[in-house]
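Observations on the model geometry
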Amino acid sequence: MSFHPIEQAPGRLNRSELAVPGSQPQMFEKAAQSDVDVIFLDLEDAVAPDEKEQARKNIIKALNTVDWNTKTMSIRINGLDTHYMYRDVVDILEQAGERLDLIMIPKVGTAADVYAVDMLATQVEDAVGLTKRVGFEHIVETALGMQNVNEIAGASKRNESLHFGVADYAASMRARTTVIGGVNEHYSVLTDPAGDGSRQVHWGDMWHSAIANMVVAARANGLRPIDGPFGDFSDPDGYKAAAYRAAVLGCEGKWAIHPSQIALANEVMSPSEAEIEKANRILAAMAEAEAAGKGAVSLDGRLIDYASIRQAEVLVEKAKQIAA
Ligand code: GLV
Ligand code: MG
C-alpha cells in the first residue's frame, strides 16, 4: 500500500439519485416519500431560463418545509458560466442551508471552478453561522472536465462524489449520438465470417473508458463514483444493463431521471444475497487459511488470497451500510 493515505468522503448511501426539476414543486412530496437515497433538486438543465428564479424560491421553501426524512438532499446549481449560479449558492445556502447536504456542480472543468464555489459557500456558511459544511458532487460531462478530472477530484475537502453526465459529455465530445446513455449500434464489432459466410455483431459500450477513467479519479481521492442518466425510462432492462456495467467498474450508484428507475438502481447497486454469501465464505476460508499459516487457498476450484479479502470486505461493508 502507498504511504499516501486516502481520506474517504462521508459514507453516504448513494445507490440511487433522483433528479427533480426545481420548477416542478408538485413532484417534491412524491420524491420525499420514495425509496431513493439522494435527491437533487435541479436548477440547471431541466429548468427553462424564465423559470430559474421561481425554481430557486420553490427549492428554498421545499427544503424548509417538506419532510425529506433521512434523504440526502442536493441542489444542482447552474453552471459557473451563467449569471444564475452565484444566487443559486448564496440564496439557497443562506435561506435553507440547514437542510442542504450537497451542492452538485455541473460541467465542472477545472480545479479552479471547485475553488470558486468552495470560496462562495464558505463565505455564506460563515456569515450565517452554519456549522456544517455542504459537500460537493461534480458532474464530469465535458472534455475539459474529463481532462482535469484528477485535479477536480482532489480540489476540495467538500468533494464527495463524481458523476458521469453522459448527455453533455456526448455533446462536448461531438459524439455521433442523440440518446442519453446506453449503447449505440454503430459502436460495434463484426466477427469474422463463419464457414457459411454469416457473421455476428457485438455491440460495445462506448462509455466504458470515460466511466472507468472517472472511477479511478474518484477512488484515488476517496470519492463516490456515480453513473449518470439513462434517458429511455420505458426500457428497464436497458437501464439495469447500464447500471450493472457501471457497478462492475466500481460505481456505487446511478441517477434516476424517472421515479421508476429508483428501484432498479437500488436493486443493482445493492450486493445480492448470493454475492454477500460468497463474500462471507471467502472471508471464512481466508481466516481458516491464515490460521493454518497459508496466504492463498482454493475455494470452489479458484484461487483466493489476501486481495480476495479486500474484495469481499467491500461487499460485506456495503451490505451492512444498506442494512443500517
Ligand atoms: C447530465 O447532466 C448529463 O448531461 O448527462
Ligand atoms: Mg448535463
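Parameters and conventions
Residues numbered from 1 in each chain as written. Chains lettered and ligands numbered in written order. Predicted model: local features only at pLDDT ≥ 70, side-chain atom pairs only at ≥ 80, totals over all residues. UniProt positions renumbered as here; feature names shortened; annotations may be inferred. Axes fitted to C-alpha atoms, helices over the stretch in contact; angles between N-to-C directions. Helix = DSSP H or I, 4+ residues; strand = E, 2+ residues; numbered from the N terminus. Left-handed = near helix turned anticlockwise from the far one by under 90°. Contact = placed C-beta atoms within 7 Å. Nonpolar A, V, L, I, M, F, W, Y, C, P; charged D, E, K, R; others polar. Expected span 1.5 Å × (residues − 1). Buried ≥ 20, exposed ≤ 12 C-beta atoms within 10 Å, placed from the backbone. Arc of directions from axis to C-beta.

Taking an unreviewed UniProt entry as the reference, the chain is identified by name as Malyl-CoA lyase belonging to Pseudaestuariivita atlantica. The record in UniProt for the chain states the following under Sequence similarities (unreviewed entry): "Belongs to the HpcH/HpaI aldolase family." The UniProt entry for the chain carries this comment under Cofactor (unreviewed entry): "Mg(2+)".

Some words on the packing of helix α9 (residues 236-249) against helix α10 (residues 260-269)
The interhelical angle for the contact between α9 and α10, taken along N-to-C directions, is 35°, at an axis separation of 10 Å. Handedness of the α9/α10 crossing: right-handed. For the pair formed by α9 and α10, the contact residues are Pro236, Tyr239, Lys240, Ala243, Tyr244 and Ala247 on the first element and Gln261, Leu264, Ala265, Val268 and Met269 on the second. Among the residues forming the contact of α9 with α10, the class breakdown is 9 nonpolar, 1 polar and 1 charged.

Notes on the UniProt feature "binding site: Mg(2+)" (unreviewed entry) in the chain
Residues annotated by UniProt as "binding site: Mg(2+)" (unreviewed entry) correspond here to Glu141 and Asp168. Spanning 28 residues, the annotated positions come together in the fold, the maximum distance between their C-alpha atoms being 5.3 Å. Among the secondary structure elements, Glu141 is positioned in the loop between β5 (135-140) and α5 (143-147). Here Glu141 is in contact with Pro106, Lys107, Gly165, Asp168, Tyr169 and Ser172, once residues within four sequence places are set aside.

A short note on α9
Under the 1.5 Å per step criterion, the end-to-end length of α9 is 20 Å for 14 residues, consistent within 8% with the ideal 20 Å. All of the buried residues along α9 are Tyr239, Ala242, Ala243, Ala246 and Ala247. When α9 is viewed along its axis, its buried side chains cluster within an angular range of 135° and face the same direction. Across α9 from its buried face, at more than 90 degrees, point the exposed residues Asp237 and Val248. On its buried side, α9 packs onto α8 (208-220), β9 (224-227), β10 (253-256) and α10.

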